[in-house]
Amino acid sequence: MVNRTYILFIIFFLIIRSAFAEVIDINNDQIKELMKRNTPIIDIRTSPEWDQTGVIPNSLLLTFFDDNGKYNFQSWYNKLINITKKDQPIILICRSGRRTKIVAEMINKKFDYEVYNAKYGIKSWIKSNLKTVKP
């Protein structure tokens, strides 16, 4: 009886887990491949950060956290759905990948979006001598 209950619990857990999308961490090579497929890059940093480092060409600039670390998820999400297609995956990028991981997980908990997280952020992009442009 215990084994049957245990097996049913594992099956239930696997079904529930597969029902929710996971955030997919990606590196620069994967970003470049997704860019070839016109996957939009959403840069969630602030304007001073964009000015300091530049942005990946054709990125969509949509600040998530303000200078004090505060955010309004619903307002930000409403802007996101106005500039992207819900049936299309998106790439989120920030400075190091920490903030985008948080945002990507928020999106996955509330909405059905395929979200890629630029794991090491714009720092890695620049370190790899990949092209950036002025915002």
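Definitions and limits used
Numbers given to residues run from 1 along each chain, matching the order in which its sequence is written. Only residues with pLDDT of at least 70 get local features here, since the model is predicted, and only at 80 or more are side-chain atom pairs given and counted; chain-wide, interface and lining totals rely on the full set of residues. Each side-chain value is derived from all of the structure's non-hydrogen atoms; neither hydrogens nor water enter the calculation. We call a set of buried Ala, Val, Leu, Ile, Met, Phe, Trp, Tyr and Cys residues a nonpolar core when their side-chain atoms join them within 4.5 Å. Three exposure classes are used, based on accessible area relative to the maximum for each residue type with a 1.4 Å probe and protein chains only: buried under 20%, partly exposed in between, and exposed over 50%. Going along the chain from the N terminus, every DSSP run of H or I of four or more residues is numbered as a helix, and every run of E of two or more is numbered as a strand. A side-chain nitrogen of Lys or Arg and a carboxyl oxygen of Asp or Glu constitute a salt bridge if their distance falls within 4 Å.

Could you give an account of the nonpolar core, with specific residues and numbers?
General note: in soluble globular proteins, nonpolar side chains tend to be found buried as a group. Of all hydrophobic cores here, the largest spans 19 residues; its most connected members are Trp76, Leu80, Leu92 and Ile107. Of all elements in the fold, only α4 (73–83), β4 (90–93) and α5 (98–110) reach the threshold of two or more residues within this core. In this structure, Ile56, Tyr116, Ala118 and Trp125 belong to the second largest nonpolar core, which totals eleven residues.

Kindly report on the pattern of salt bridges, identifying the contributing residues and their values.
Overall, the coordinates contain five salt bridges when judged by the stated rule. Note that Arg45 is salt-bridged to Asp43, the shortest N-O span being 2.9 Å. The buried category is assigned to Asp43, whose relative accessible area is 0%. A salt bridge links Arg99 to Glu49; the shortest N-O distance between them is 2.7 Å. Here the residue Arg99 occupies a position in helix α5, and Glu49 occupies one in helix α3 (residues 47–53), the gap between them amounting to 50 residues. Each member of the pair, Arg99 as well as Glu49, is classed as buried.

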